[in-house]
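# Notes for the structure review
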Number of protein chains: 2
Amino acid sequence: MTTLHDISTPSLVLDVTRLLANCEFMAARAKQLGVRLRPHMKTAKSADVARVATAGQFGGITVSTLAEAEYFFAHGFNDITLAVGFLPDRLPRALALVRQGAALRILTDSEAAATLIAAGAADVAPHRLGVLIEVDCGDRRGGVNPAGDELLAIARAIHGKAGVRLAGVLTHGGHSYRCSSIEEIQAVARHERDSVVHAAERLRAAGLPCETVSVGSTPTCTHAQDYAGCTEMRPGVYMLGDLDQVGLESLPASRVAATVLCSVIGVYPDQNKLIVDAGGLALSKDAGAQRHGDQIGYGLVLDIDGKPLRRIVHVEGTRTGSVTKPVDAWVFAASQEHGQITAADPLPFEKLKVGTRLRILPNHICMTAAAHPGFYVVEGGSEVVAQWGRINGWGNW
Amino acid sequence: MTTLHDISTPSLVLDVTRLLANCEFMAARAKQLGVRLRPHMKTAKSADVARVATAGQFGGITVSTLAEAEYFFAHGFNDITLAVGFLPDRLPRALALVRQGAALRILTDSEAAATLIAAGAADVAPHRLGVLIEVDCGDRRGGVNPAGDELLAIARAIHGKAGVRLAGVLTHGGHSYRCSSIEEIQAVARHERDSVVHAAERLRAAGLPCETVSVGSTPTCTHAQDYAGCTEMRPGVYMLGDLDQVGLESLPASRVAATVLCSVIGVYPDQNKLIVDAGGLALSKDAGAQRHGDQIGYGLVLDIDGKPLRRIVHVEGTRTGSVTKPVDAWVFAASQEHGQITAADPLPFEKLKVGTRLRILPNHICMTAAAHPGFYVVEGGSEVVAQWGRINGWGNW
């Protein structure tokens, strides 16, 4: 039996019981909202996780790179949306998947790119590459104005051309990540819905097809009150969770499924400090979650069992003369291979030696997980029941 | 002929002419300071780069992981210092290298760990694992107080034991990264020297050997005035350079050798904005260089030739009626696969289309490079003359 005591550190640990709970939660949300769930695999990047996330669903997934599209197609996923603005240079790789039977849909917000895509895809007929139009719902990253002219121009550059199919409209309420209350997130979910439904209505009014009306981000899919008119949602981070999502109230910390297992490599009681072998590379330098609190740093520190550290506090009048209290410890600094841990209270140094293993709840799991080749899978305890690989990188080496 | 116009993006580009200039610079510094140069390969993680960095030197290198030690040993590097606090759990992997003939030296700042290391290494005799004692020079990350008792306790836990060899003392002036002037960096270099030389003198006064007296960080090795009493220095980032090092005046921006090649995937003249396919994963979310200026974000933007973007400005009275002016563009936001670029002046949209290739000067190349499987090597121009692999990760999957 291999346990978390045996594997080398730093490593990425996935608690599959929490993954299942997170997937059940989001499946129920999709059902409640009346939309299909097309989970975004950019975070987990794992066919094993995708099988859990699509169980009981229609089977479609979302990805963020062509490398992911190729990997998931090779692992039996056929219905794939590549939800990052498509670069026409990449048509050969995309069309190779379409020729093999993938129901691949790509994204564009540019008439010039759409024209190149339609021209370049003509040869793939009678197969068809699906093309979704990216709509901006207020995030101000990519996407066309749903009320603007470019929406119709892109649609006309695609519709009726050989080798492509106008598949619909898509938006991402990424500004939900900048919200500070559920009410604000709900407002962003309304922006998502209103923008993309308006775009869909304009296409249909112009006699153009718009089968798919796609929305999503983990915060908006968690808190949206109404996705009427939408056909699917594409959350991704919810499967694993992280401190940023905890801060956004997408899930409680008790459901964060992915942690970084690390080992203590230095003990400094005079500084109330530990050094562990998970630094900026193993944790990422994403500091986004720090806006939710002062004592988050580059991650929160748990023991090897995923429980808070506890220290013994002497209390007169109790039976044993002492009680244990949780110690909220965090990674206050991260250099390349060093994470430095402290706490507001004294760390329980009697239990902390060079070699002690700890687990770090990460700030932003999309960034953290990408440094690791895969997940060591546990079922609540410390036994490693499986190793699940990931598709990192861009497949271009 | 393959050029930067042909390879897939995002990719890491290494200009070997700049690498050579950076290596020549640091070799001259080591000579001037009278110490050996043991380049730290944690940044480049490439045997090809290591061959350039050790050319004309004694051949020793520094690494930050056992995976790097194994990789570089397999590529012909024998004299290797693993300069991160050693975890006794890892002895089997380290001793396997020693048994194969590696002159491997590890680092500790803990008497308890030193005792475990000496006990665990006994079987490797008559081979010996070198052990360096980590000294704190004011960085307050790892290391013992050079004036404290633990220094001698660790030395005595190692000295005279079978299978280990007390190799000396080592420090890292990491607080140089927090400096805001060359004078402050020079003061940190004095801290490095004074601390480690004092520790060496104490060991020798106690009748203990101290062959190696090792210092270094790129800022201190660049600016140190005196390393008398030290035997070697271990800078690493200098080979590639980044915006943080430019801000610290370790090198000019014209010598930054590694850039991220990316493609424009969205063009938004109304927002004076581009989106490229290098986001938080391809660039890292390290924001450290932002302290050197307001308009750095997640990297500075150059054209495919590594030159600043330029825009045409109409000027009455000039022969052509116009001049071109550089446009200082930067990545102001980075999500997983999206980098968003803007500039204080209007971007030259007449030259910027979906598919246009750009190069990003990264904030912190140690973090950025780790997302990429290797370097596409150029010699000043755009022809790709080689592909140099890297050893990412921890070799534990």
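Here's a quick rundown of the structure. Nothing here was measured: the structure is a model prediction, and the numbers come from that model.

Attention now moves to the overall build of chain A. Check the secondary structure of chain A and you find 11 helices and 19 strands. Over its C-alpha trace chain A gives a radius of gyration of 23 Å, about what one expects of a compact globule, namely 21 Å for 397 residues. Relative to its full complement of 397 residues, chain A shows a buried share of 58%. Of the contacts formed within chain A by residues at least 6 apart in sequence, a portion of 68% connects residues at least 24 apart.

All names here are of chain A. Helix α3 (residues 66–74) sits mainly inside the fold: seven of its nine residues count as buried. Considered for burial, the residues of α3 that qualify are Leu66, Glu68, Ala69, Glu70, Tyr71, Phe72 and Phe73. In the core, the buried residues of α3 are packed alongside α2 (47–54), β3 (61–63), β4 (79–85), α4 (91–99) and β5 (103–108). Two residues or fewer past α3, Gly76 is found with a positive phi of approximately 95 degrees.

A few words on the interface of chain A and chain B. The interface is formed by 49 residues belonging to chain A together with 49 residues belonging to chain B. Going through the elements one at a time, β4, α5 (111–121), β10 (258–268), α10 (280–283) and α11 (365–369) of chain A are the ones with two or more residues in the side of chain A that touches chain B. Sorting elements by how many residues they give to the side of chain A that touches chain B places β10 of chain A first, with four residues. When the residues that make up the side of chain A that touches chain B are grouped by side-chain class, the tally is 18 nonpolar, 21 polar and 10 charged.

Relative to chain B, chain A is turned by 180 degrees and slid 0.0 Å along the rotation axis, the superposed coordinates differing by an RMSD of 0.0 Å. The transformation relating the two chain copies, once decomposed into turn and shift, fits a two-fold axis. For chain A, the smallest separation between a C-alpha atom and the rotation axis is recorded for Lys285 of chain A, amounting to 2.8 Å. The overlap is high: 100% of the interface residues of chain A also sit at the interface in chain B, so the same surface is used on both sides.

Take the packing of helix α3 (residues 66–74) of chain B against helix α4 (residues 91–99) of chain B next. Residues and elements named next belong to chain B. One way to put it is that α3 packs onto α4 with a least axis distance of 10 Å and a crossing angle of 20 degrees. Comparing the axis directions of α3 and α4 gives the class roughly parallel. Between α3 and α4 lies a crossing of left-handed hand. Residues Leu66, Ala69, Glu70 and Phe73 of α3 form the contact with α4, whose own contacting residues are Arg93, Ala94 and Leu97. Looking at the contact of α3 with α4 residue by residue, the class counts come to five nonpolar, no polar and two charged.

Another aspect to go through is the sheet that holds β3 of chain A. All names here are of chain A. Here eight strands make up an open sheet; going across it, the order is β2-β9-β8-β7-β6-β5-β4-β3 and the pairing parallel. Of all the strands in the sheet, the pair left with one neighbour each is β2 (36–37) and β3. Against the sheet, α3 makes contact with β3, β4 and β5, and its axis sits at roughly 175 degrees relative to β4, the strand it touches most.

In terms of nonpolar packing, the biggest core is built from 264 residues, with Ile80, Leu82, Leu104 and Val169 of chain A together with Ile80, Leu82 and Leu104 of chain B touching the most fellow members. Leaving out residues up to four positions away in the same chain, Leu82 of chain A has contacts with Val63, Leu66, Ala69, Leu104, Ile106 and Leu107 of chain A.

Below, the discussion takes up the sheet that holds strand β3 (residues 61–63) of chain B. Residue and element names in this part refer to chain B. With parallel pairing, eight strands are arranged side by side in an open sheet as β2-β9-β8-β7-β6-β5-β4-β3. What marks the edges here is a single partner per strand, and that holds for β2 (36–37) and β3. With three bridges connecting them, strand β7 (residues 164–170) and strand β8 (residues 212–215) associate as parallel partners. For Val169, the partnering residue across the bridge sits in β8 and is Val213.

Residues and elements named next belong to chain A. Of all six residues that make up β5, six are buried, and the element is covered over most of its length. Residues of β5 alternate between two faces, with Ala103, Arg105 and Leu107 on one and Leu104, Ile106 and Thr108 on the opposite face, all of them buried. Pairing geometry for β4 and β5, over four bridges, is parallel. Looking at β5, one finds that Ile80 is bridged to Leu104. Regarding topology, α4 serves as the crossover connection from β4 to the parallel β5, and that connection is right-handed. For β5 and strand β6 (residues 129–134), the ladder comprises four bridges, and the chain directions are parallel. Paired with Ile106 across the bridge in β6 is Val131. Taken together, β5, α5 and β6 form a β-α-β motif whose crossover is right-handed.

Residues and elements named next belong to chain B. Mapped onto the secondary structure, Ala282 falls in helix α10 (residues 280–283). Along the sequence, Ala282 and Ala334 sit 52 residues apart, while their C-alpha atoms lie 9.4 Å from each other. Filtering out sequence-adjacent residues up to four positions away, Ala282 remains in contact with Pro10, Val260, Cys262 and Ala371.

With that settled, the discussion passes to the packing of helix α5 (residues 111–121) of chain B against helix α6 (residues 149–158) of chain B. All names here are of chain B. For the pair α5 and α6, the least separation of the axes is 8 Å and the interaxial angle reads 5 degrees. Between α5 and α6, the angle falls in the class roughly parallel. Along its contact with α5, which presents Glu111, Ala114, Thr115 and Ala118, the element α6 presents Glu150, Ala153, Ile154, Ala157 and Ile158. Looking at side-chain class alone, the contact of α5 with α6 contains six nonpolar, one polar and two charged residues.

What counts, and at which threshold
Residues numbered from 1 in each chain as written. Chains lettered and ligands numbered in written order. Predicted model: local features only at pLDDT ≥ 70, side-chain atom pairs only at ≥ 80, totals over all residues. Helix = DSSP H or I, 4+ residues; strand = E, 2+ residues; numbered from the N terminus. Rg over C-alpha atoms; globule rule 2.2 N^0.38 Å. Buried ≥ 20, exposed ≤ 12 C-beta atoms within 10 Å, placed from the backbone. Contact = placed C-beta atoms within 7 Å. Nonpolar A, V, L, I, M, F, W, Y, C, P; charged D, E, K, R; others polar. Least-squares fit on C-alpha atoms with pLDDT ≥ 70 in both. Axes fitted to C-alpha atoms, helices over the stretch in contact; angles between N-to-C directions. Parallel < 35°, antiparallel > 145°, perpendicular 65-115°, else oblique. Left-handed = near helix turned anticlockwise from the far one by under 90°. Pairing = 2+ DSSP bridges. Core = buried A, V, L, I, M, F, W, Y, C linked by C-beta atoms within 7 Å. Right-handed = clockwise from strand over helix to strand, strands pointing away.

Honestly, it's all geometry; don't read function into it.
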